[in-house]
Amino acid sequence: MNYKDKIILAPMVRIGTLPMRLLALRYGADIVYTEELIDWKFLRSRRKCNEILNTIDYIDQTDGTIVFRTCKEEKEKVVLQLGTCDAERALKVAKMVENDVAAIDINMGCPKEFSIKGGMGVALMAQPEKANTILKTLVKNVSIPVSCKIRIFETPEKTLELVNKLVSSGIKAIAIHGRTRDERPQHAVHTDIIRYIAESICIPVIANGGSKEIEKHGDIYKFKELTGCTSVMIARAAEWNCSIFRKEGLLPMDLVITDYLKLAVDYDNSPSNTKYCIQNILRDLQETPRGRQFLECQTLEQICSIWGLGDYCQEKQSQYQKMGIQGRWQVTP
Ligand code: FNR
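Residues numbered from 1 in each chain as written. Predicted model: local features only at pLDDT ≥ 70, side-chain atom pairs only at ≥ 80, totals over all residues. Heavy atoms only, no water.

### Concerning the pairing of strand E12 (residues 231-234)
- The alternating pattern of E12 places Ser231 and Met233 and Val232 and Ile234 on opposite faces, both of which are buried.
- Note that strand E11 (residues 205-208) and E12 share three bridges and pair parallel. Residue Asn208 lies in a different strand from E12, and its bridge partner there is Met233. (Buried < 20%, exposed > 50% of the residue type's maximum accessible area, 1.4 Å probe, protein only. Helix = DSSP H or I, 4+ residues; strand = E, 2+ residues; numbered from the N terminus. Pairing = 2+ DSSP bridges.)

Right, here's the structure in full:
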């Protein structure tokens, strides 16, 4: 895994499941991060080869839900993002997946109450020793690259102090979301602090937080230039229209939904996760008559019918049934 000069799909809970990651890759993303997966949930799962879908599934042993599904197409490009506060647990997960993914990332930027209370996400930025120990443990003991994703502190100097501590663990790259833990997406992103870090350290810095200004593919390069980083990571702009990764330009929303739905059907994605992702593409359009019809859908086939893929879905699903697919696994909501 090389982190230089890359355009990357950011980790996004519930959005970054297999169909969206593959769509991002097919549109031109170089690297795709999984949604944040919590270590102890992962440790409850068991690895299984799904020979019908040609996927590797990590299935929760307590309720049969899919914790993580991946496939060959993304193997060299997928980074598994972990939510953890414990080096030993993180290492156990990393050992479980090291042959299925290209790299491991530790989430040190999530400001949600769930993460902070559990000592994860942005809580780790207040505990540099612990953060360093987690990273060092992984770097020493796994064969794939390790990285982390952080937010910034109020000053460049304080941010650099933390970054230097993290970099000393031997990580191969660091993604920096240019907002502090108390700032929200509507606040301006501090490109100057990202740039200061990028100019001060030797490993690749991945700039993040620019979606408000990224409306077309070319804007990605503007953000890259502003931040002085080698690589850029995109979350919301991709959530709204994944074709932002296309060098050739954005595709119309309906085409993006159609492309996404085909992958959701091919990889037997759960109706609830599929619906959630499409809701985040439609946004205000959920208020239109077609949007309201969509909101009433409960099955993948019903959703597919709205975009003219009802037959495609029906054929694929009956083919999977004939091949003996075991139940319909649900992706964790
Ligand atoms: C996120 N973000 C996030 N970050 C992370 O490290 N792990 C995660 O699982 C998530 N989940 C998530 C879900 C959704 C729906 C959104 C919108 C965001 C934060 C994200 O990766 C990114 O740091 C910010 O959204 C800022 O980047 P953009 O949106 O300006 O490109």
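Next, the rest of the story.
### Digging into helix H14 (residues 310-322)
- Here H14 contains 13 residues, and its C-alpha end-to-end distance of 18 Å stays within 8% of the 18 Å for a straight helix at 1.5 Å per residue.
- Turning to H14, its buried residues are Gly310, Cys313, Lys316, Gln317 and Tyr320. With its buried residues spanning 140° around the axis, H14 presents them on a single face. Turned more than 90 degrees from where H14 packs its buried face, Asp311, Glu315 and Lys322 sit exposed.
- The inward-facing, buried residues of H14 contact helix H10 (253-266) and helix H13 (300-306).
- Phi turns positive, to about 90°, at Gly324, one or two residues after H14. (Expected span 1.5 Å × (residues − 1). Arc of directions from axis to C-beta. Contact = heavy atoms within 4.5 Å.)

### Quick look at the sheet that holds strand E5 (residues 55-60)
- Read across the open sheet, the three strands follow the order E4-E5-E6; overall the sheet is antiparallel. Each end of this open sheet is capped by a strand with a single partner; those strands are strand E4 (45-50) and strand E6 (66-71). Sheet twist, expressed as the average angle between the axes of neighbouring strands with direction ignored, equals 20°.
- Pairing geometry for E5 and E6, over five bridges, is antiparallel. Looking across to E6, one finds that Ile56 is bridged to Thr70.
- Here helix H1 (residues 18-27) sits on the sheet in contact with E5 and E6, set at roughly 30° to E6. (Axes fitted to C-alpha atoms, helices over the stretch in contact; angles between N-to-C directions.)

Nothing here speaks to function; it is all geometry.
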